[in-house]
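Each chain, letter by letter, is given below.
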Amino acid sequence: MTLKLKALKNNPFKTKADILILGVWNEKKPRVAYNVKGQLAALLTEEMEDAGFKGSEGEILVCGSAGTVFAKKIFLIGLGEVKNFGAETMRRTGALSAKNLKMKKASSAIYVLPEVSKNYQTTQVAAAFAEGAYLGNYKFSKYKSEENKKQTREQEILVAVKSVANLKQIETSISRARLRADATCYARDLVNEPASICVPKHLAEHALEIAKESKGKVSVKVFNREECKKRGMGAFLSVAAGAGEEPYFIHLSYKPKGAKKKIALVGKGITFDSGGLQIKPGESMATMKLDMAGAAAVLGVFSKIVEISPKVEVHGIIAATENMPGPGAYKPGDIFRAMNGKTIEIGHTDAEGRVTLADSLSYAARLKPEAIIDLATLTGACMVALGEEVGGLMSNNGLLAEKLKEAAAQSGEKIWELPLIREYHHLIRGAHADVKNSSGSRYGGAITAGLFLEEFVNNIPWAHLDIAGPAWAERDTNPYMPLGGTGFGVRMLINFLI
Ligand code: BES
Ligand code: ZN
Ligand code: ZN
């Protein structure tokens, strides 16, 4: 199903469409979020009263238009209370609109943007609606036989704005929302792809394809095992030793003319995490194809980076491997040397992400960027601390952390900062090596993982996002985040870069 959003300059009530969608505020008496008059107002009041419709957020009422407008049907979508209104309301409304359009097999709809307080610009409201619509329209259905037989239908939502003056700006915000959503869905597809297909080579092929499509604006280097060995990536290769699939180290770069800053994005790229020799129990392993969600987010950003065209140089770095207990697998007590020269003692083979990241971060630091941001489905402990919806933020630089928080607040992706305190440093000290990948303590696991990573960034401003929780949606509760990979991080990174 392909969905397209456009701005509408004509009168929404006098434009033909299958469906007209209007928002409704939840007040003592539900109030349509647009100045409706005459017969239309009377019809809607009657319909809402008959159905006991309150306008609570996400509530939907469908009624015939009875000739009051040119559209055949009218959808009322509850916006909740005015005081709770925000971009999130609009993202959810967008998703619900797209989903209902699909359910009703309609091909066109008009969405009348609600009239909101001056705190919100029309462009912002339109962008959030569009982002939600595109994200909510996503489905990973390539392996659903029946759905694949169906023909793809074109669907269109016209976003009606009151003042025609800013039509161009609205069009621009809608198309930028589309870029953010497409980049997110690119990441979702990669995460949802089964681990037997999405092997390290598959990620490398995606990177090569992105570079090829970019007409020279994105370049890529892919190192195989031999080349990684030459570069001293002993940490990364130790995790790869037990895997049947070949590991690949991927480095994407985007260097626009006149760029004054350099940012490195690093993604954890474990295409399947069995736990290694200290193998995970069955239930914990069930969703471990998600363990490359950090890498997927980096690839997602790069999939649209030319169109997003940030004015900074951006590097994307992924050490891709499986974590498997095959012959040659690394063992507890083993010691390896990372690219920056530090030695790592293996305390636990299931704490593999930080071992691969040791080399990714060392590599990133050598590029001497202004900032390094890594995204990693790193610890179950972060989920214990913050739950499934909130990512953990850790950083050695207050300003960078604040900038990321701002970018995340804008995208509605929830992150919360955890302290990288020196007091826990002893927990990552090795008995016989410089550092140890697991302390054995049950406490503070997200932070000790963060402290371990910090050893490899060479004091460059760096932020770590532990996305173990929000990278994956266990169920369909949020209308714009269907069960499976969520593409968490992509939208905030884009906001951060532009
Ligand atoms: N990939 C996991 C973390 C994870 C858990 C991601 C659940 C998403 C959902 C990571 O490699 C891991 O296994 N971490 C261990 C570390 C421990 C052995 C120190 C964990 O969190 O239990
Ligand atoms: Zn693990
Ligand atoms: Zn892992």
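Residues numbered from 1 in each chain as written. Chains lettered and ligands numbered in written order. Predicted model: local features only at pLDDT ≥ 70, side-chain atom pairs only at ≥ 80, totals over all residues. Heavy atoms only, no water.

Peer 1: Is there a simple way to explain the environment of Thr-89 in this structure?
Peer 2: Residue position: Thr-89 is located in helix H2 (residues 87-103). Measuring from C-alpha to C-alpha, the distance between Thr-89 and Val-116 comes to 12 Å, with 27 residues separating the pair along the chain. Beyond its immediate chain neighbours, meaning those up to four positions away, Thr-89 contacts Glu-57, Leu-79 and Asn-84. (Helix = DSSP H or I, 4+ residues; strand = E, 2+ residues; numbered from the N terminus. Contact = heavy atoms within 4.5 Å.)

Peer 1: I would appreciate a short explanation of the sheet that holds strand S13 (residues 343-345) in the present structure.
Peer 2: Across a sheet, strands are paired by hydrogen bonds formed along the backbone, either parallel or antiparallel in direction. Pairing within the open sheet is mixed, and its three strands lie in the order S12-S13-S17. Every other strand in the sheet has two partners, leaving strand S12 (335-337) and strand S17 (435-436) as the edge strands with one partner each. Across two bridges, S13 lies against S17 in parallel orientation. Bridging across to S17, Ile-344 finds its partner in Val-435. (Pairing = 2+ DSSP bridges.)

Peer 1: Which parts of the structure should I look at to understand the side chain of Lys-304?
Peer 2: Structurally, Lys-304 is set in the loop between helix H10 (293-303) and helix H11 (305-308). Apart from residues lying up to four places away in sequence, Lys-304 is in contact with Leu-179, Asp-182 and Ala-183.

Peer 1: How do you make sense of the sheet that holds strand S18 (residues 462-466) when you look at a structure like this?
Peer 2: Ordered in space as S8-S9-S11-S10-S14-S18-S15-S16, the eight strands form an open sheet in which the pairing is mixed. Each edge of the open sheet is held by one strand with a lone partner, namely strand S8 (218-223) and strand S16 (415-417). Geometrically, the sheet is characterised by an average inter-axis angle of 20° between neighbouring strands, direction not taken into account. Note: strand S15 (residues 391-395) against S16, three bridges, orientation parallel. Paired with Leu-393 across the bridge in S16 is Glu-417. Contacts between helix H12 (residues 353-366) and the sheet are confined to S8, strand S9 (248-254), strand S10 (262-273), strand S11 (313-323), strand S14 (371-376) and S18, with S10 contributing the most and set at about 155° to the helix. (Axes fitted to C-alpha atoms, helices over the stretch in contact; angles between N-to-C directions.)

Peer 1: Explain the nonpolar core to me, please; I cannot follow it from the model alone.
Peer 2: The nonpolar side chains of a soluble globular protein tend to be buried with one another. In terms of nonpolar packing, the biggest core is built from 56 residues, with Leu-203, Leu-265 and Phe-302 touching the most fellow members. The element that contributes the greatest number of residues to this core is H10, accounting for eight residues. Apart from the residues within four sequence positions on either side, Leu-265 is in contact with Val-298, Val-301, Val-314, His-315, Gly-316, Ile-317, Ile-373, Leu-493 and Leu-497. Listed in part, the 47 residues of the second largest apolar core include Ala-358, Leu-378, Leu-420 and Ala-449. (Core = buried A, V, L, I, M, F, W, Y, C linked by side-chain atoms within 4.5 Å. Buried < 20%, exposed > 50% of the residue type's maximum accessible area, 1.4 Å probe, protein only.)

Peer 1: Any chance you could explain the coordination of the zinc ion (ligand 2) here in plain terms?
Peer 2: Reference values for coordination geometry: four tetrahedral donors around a metal ideally subtend 109.5 degrees, six octahedral donors ideally subtend 90 or 180 degrees. Protein coordination of the zinc ion (ligand 2) is provided by Asp-273 (OD), Asp-350 (O), Asp-350 (OD) and Glu-352 (OE), with donor distances spanning 2.0 to 2.2 Å. Classification of the site at the zinc ion (ligand 2) rests on its six donor atoms, whose angles at the metal span 73 to 172°, yielding the label irregular. All donors to the zinc ion (ligand 2) come from one chain, and their sequence spacing reads D-x76-D-x1-E. Between the zinc ion (ligand 2) and the zinc ion (ligand 3), a separation of 3.2 Å is found, and both are coordinated by Asp-273. Glu-352 gets classed as buried once you look at its relative accessible area, which sits at 0%. (Donors = N, O, S within 2.8 Å, 3.2 Å for Na, K, Ca; no water. Tetrahedral: all angles 85-135°; square planar, octahedral: opposite > 155°, others 65-115°.)

Read these as spatial facts, not as claims about activity.
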